[in-house]
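Inside the fold
Listed below are the residues making up each chain.
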Amino acid sequence: MEFVWIRHDTRVHDHLPLVEALASEQPVMAGFVFDRRNEEKTEAGFQRMDAKRLRFLIENLLELHQQLGLLGVPLVVSSGDPVQELRQWMKEYPVTNIRAYRLPGIEEAEDEAGLEEAAREAEAGTSWYYGDTLIHPEDLPFSLEDLPGSFHEFEEKLLEEKVEPRHEVEMPREQTPLYLEEHAATGEELMRLFRDSQAETLVNGGEKEALRRLDDYFFKSRHVLHYRQRRNEMLEFDAASKLSPWIAGGALSPRYVAVRLEEVRKEEDAESSVQRLYTSLLKRDYFHFLLYKEKEKCFAEGGLRKIPIEWKKDREVFEAWCSGNTGYPLVDAGMRQLKACGHTADCARRIAAAFLTNVLGVDWRWGAAWFEAHLIDHDVSVNYGSWMELAGIGTGDRGFQEVGAVEDGRTYDPDGTFVKKWVPELEFVPLEHLFSPYLMSEKDRKEAALDLGHDYPYPIVSLEAATQERREIYSRSVRSSS
Ligand SMILES: Cc1cc2nc3c(=O)[nH]c(=O)nc-3n(C[C@H](O)[C@H](O)[C@H](O)COP(=O)(O)OP(=O)(O)OC[C@H]3O[C@@H](n4cnc5c(N)ncnc54)[C@H](O)[C@@H]3O)c2cc1C
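Residues numbered from 1 in each chain as written. Predicted model: local features only at pLDDT ≥ 70, side-chain atom pairs only at ≥ 80, totals over all residues. Heavy atoms only, no water.

1. Focus: the UniProt feature "domain: Photolyase/cryptochrome alpha/beta" (unreviewed entry) in the chain
In the numbering adopted here, UniProt assigns the feature "domain: Photolyase/cryptochrome alpha/beta" (unreviewed entry) to residues 1-134. When the span residues 1-134 is considered, its composition is 41% helix and 22% strand, and the gap between its end C-alpha atoms is 30 Å. (UniProt positions renumbered as here; feature names shortened; annotations may be inferred. Helix = DSSP H or I, 4+ residues; strand = E, 2+ residues; numbered from the N terminus.)

Here it is, written out as structure tokens:
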């Protein structure tokens, strides 16, 4: 029997392991393990996977269960240590071969090695695939060891060498249904988990919903044509694709997105936005390859550049940031949105992340862990890679980055709708003071019905003084490491 181990690939389109398993003429089943590690607490004291992420995952799995059912492929689920659960399934079913996608990540690589060993013991084979990126690793014009040191260089090399994604694979063909009682039990279990989860998410999970969103953004509403100009808008849902939760969970293949994007490219005036969106997808690839290459370094205190920065582990300050109560409305709006629905726009992420590290000086890994817990599009390589970049310890050589916690409001939230939506305490504050309400006179505050320190906090630190302090710490640390 062929066994397809589902990891971050909760779909049936563009799924080579499934296609090849079904082409093998052997009966095929699939399995997914809810990884117990996600129930562990982080150093900062919260669970690694929040209810929103879990809910989105359950929705992806419910849809996969249905889609696999239509192909005659039963799906089993369990929770625990992935290798132990796979070992157990190899005992319960006559598994001769396991097929799965490889993933970047330390724990992921440990699981792959553990599965290899378990399969050897069970005298079963293993077949590994790459499907998490747009570009297949074997098609890179350099070895992983020679991965360029900046995304810009990486993109340039790929464009120069005209490296393109491979074609997506055909849809899997169905098999004579393999009846397993456990398939029905899986459906009931997933429904129970779904009913028990109360979380709200920006979008709903599942392959069908992913394909619907793509179709809408690319072809029906055609908002994609304005991607280059609008992608940094903070509040508007259609300003960017919002495909990341499905791509990260594997309900949507990045290659499928690229294929459909090429159809858009043929349209008049589409080139600039299409190319910009392709760049975004390539940036995701870059972070994936970076994690494949650098492994543990992507989680180290000093990051890839091994800069021995002193980070604070101040829980009170960290909690004010997590809950969106720093007194800087632009930071707080993004953080509140993240907590409420598991998503916030790219520039809101950048501002919030850089504020934690480059103003508050809190350990970047605490912030990355908070994002990991709450983002429904969490992708370990993109998240940790982005955090390192903003803290000045990742790829590129951008050094210390100033945080536009006030000025960026005028650029990215020019009419203040984003801040007013997520920080309603500031509803009556005029736009000129919206991003820095602490600068208002007492009279202005009264007129805006704002009792600072009561309705909304005073700034947790002075932006200028704290930035100056962190800049000095950063420069000292860079000097001491060179
Ligand atoms: C601190 C920080 C943490 C982040 N963590 C994650 C994460 O865990 N998972 C994640 O998918 N993205 C992450 N991002 C990148 C980016 O913010 C999101 O991909 C983007 O906001 C998703 O919205 P969208 O689907 O509308 O993107 P679009 O702008 O429509 O882009 C299309 C796709 O390209 C990819 N993409 C877009 N921007 C980036 C980027 N800067 N880096 C890498 N890939 C990108 C995503 O897959 C996205 O769905 C992070 C950014 C920062 C600054």
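2. Structural notes on the site of the ligand
In the neighbourhood of the ligand, 28 residues make up the surrounding shell, with Tyr227, Ser241, Lys242, Asp346 and Asp377 lying closest. The contact in question runs from an oxygen atom of the ligand to an N or O atom on the side chain of tyrosine 227, over 2.5 Å. One of the backbone N or O atoms of aspartate 379 is found 3.0 Å from an oxygen atom in the ligand. Elements that contribute at least two residues to the shell around the ligand include exactly α9 (244-249), α11 (271-294), α14 (346-358) and α16 (380-390). The element contributing the most residues to the shell around the ligand is α11, with six residues. Taken together, the residues of the shell around the ligand break down into 13 nonpolar, seven polar and eight charged. Composition of the shell around the ligand by domain shows at least three residues from each of domain 2 (196-296) and domain 3 (315-481). (Near = heavy atom within 4 Å. Polar contact = N/O pair within 3.5 Å; in protein donor to acceptor, adjacent residues only side chain to side chain. Nonpolar A, V, L, I, M, F, W, Y, C, P; charged D, E, K, R; others polar. Domains from an automatic or database assignment.)

3. Regarding the pattern of salt bridges
As enumerated under the stated definition, the model contains 41 salt bridges in all. Among the ionic pairs, arginine 102 bridges to glutamate 112, the shortest N-O distance being 3.0 Å. Of the two residues, arginine 102 sits in the loop between β4 (97-101) and α4 (106-121) while glutamate 112 sits in helix α4, which places them ten residues apart along the sequence. Among the residues examined, arginine 102 registers a relative accessible area of 24% and is labelled partly exposed. Classification of glutamate 112 by relative accessible area gives buried; the value is 6%. Across the salt bridge formed by arginine 336 and glutamate 425, the nearest N and O atoms sit 3.0 Å from each other. Residue arginine 336 is found in helix α13 (residues 329-341), and its partner glutamate 425 is found in the loop between α18 (417-422) and α19 (431-434); the two are separated by 89 residues along the sequence. Look at glutamate 425 and you get partly exposed, because its relative accessible area is 22%. Through salt bridges with shared partners, a single network forms among Asp35, Arg37, Arg48, Glu107, Asp111 and Glu372. (Salt bridge = Lys/Arg side-chain N within 4 Å of Asp/Glu carboxyl O. Buried < 20%, exposed > 50% of the residue type's maximum accessible area, 1.4 Å probe, protein only.)

4. Things to note about a negative patch on the surface
Where like charges cluster on the molecular surface, the negative patch consists of Glu153, Glu156, Glu160 and Glu161. Note that glutamate 160 resides in helix α5 (residues 151-160). On the basis of relative accessible area, glutamate 160 is assigned to the exposed category, the value being 58%. (Patch = residues over 30% accessible without salt bridge, like charges linked within 9 Å, V, L, I, M, F, W, Y side chains within 5 Å. Areas by Shrake-Rupley, 256 points an atom, 1.4 Å probe, with all protein chains shown as cover. Lys, Arg positive; Asp, Glu negative; His and termini not counted. Charge placed at Lys NZ, Arg CZ, Asp CG, Glu CD.)

5. Considerations on the side chain of glutamate 372
Take glutamate 372: it is sitting in helix α15 (residues 364-374). Leave out the neighbours within four places in its chain, and glutamate 372 touches Arg48, Arg53, His378, Asn383 and Tyr384. (Contact = heavy atoms within 4.5 Å.)

6. A closer look at the packing of aromatic side chains
Enumeration over the complete set of coordinates arrives at 26 aromatic pairs. Among the aromatic side chains, those forming a connected cluster through ring pairs are Phe46, Phe318, Trp321, Trp366, Trp370, Phe371 and Trp387. Geometry around phenylalanine 237 places lysine 242 over its ring, the cationic atom sitting 5.5 Å from the centre. Note that lysine 421 overlies the ring of tryptophan 422, its terminal NZ or CZ placed 5.0 Å from the centroid. (Phe/Tyr/Trp six-rings, centres within 6.5 Å; stacked < 30°, edge-to-face > 60°. Lys NZ or Arg CZ within 6 Å of the ring centre and 35° of its normal.)

7. Examining the domain arrangement of the chain
Looking at the assigned domains, one finds that the chain contains domain 1 (2-134 + 188-192), domain 2 (196-296) and domain 3 (315-481). On a C-alpha basis, the centres of domain 2 and domain 3 stand 25 Å from each other. Contacts between the two partners involve 19 residues from domain 2, matched on the other side by 26 residues from domain 3. At the boundary of domain 2 with domain 3, total buried surface from both sides reaches about 1900 Å², with 68% on carbon and sulfur atoms. Of all residues in domain 2, the largest losses of buried area upon contact with domain 3 belong to Met234, Leu235 and Phe287, amounting jointly to 39% of the total for that side. Inspection of the region where domain 2 meets domain 3 yields two salt bridges. Residue contributions to the side of domain 2 that touches domain 3 peak at seven residues, all from α11. (Buried area = accessible area lost by both parts, 1.4 Å probe.)

8. Observations concerning unusual backbone geometry
A positive phi is found at glutamate 25, a non-glycine position, where the angle reads about 70°. Position of glutamate 25 relative to the elements: it lies in the loop between α1 (16-23) and β2 (28-35). Since its relative accessible area comes to 62%, glutamate 25 is described here as exposed. Although it is not a glycine, lysine 306 sits at a positive phi angle of roughly 50°. Along the chain, lysine 306 turns up in the loop between α11 and α12 (315-322).

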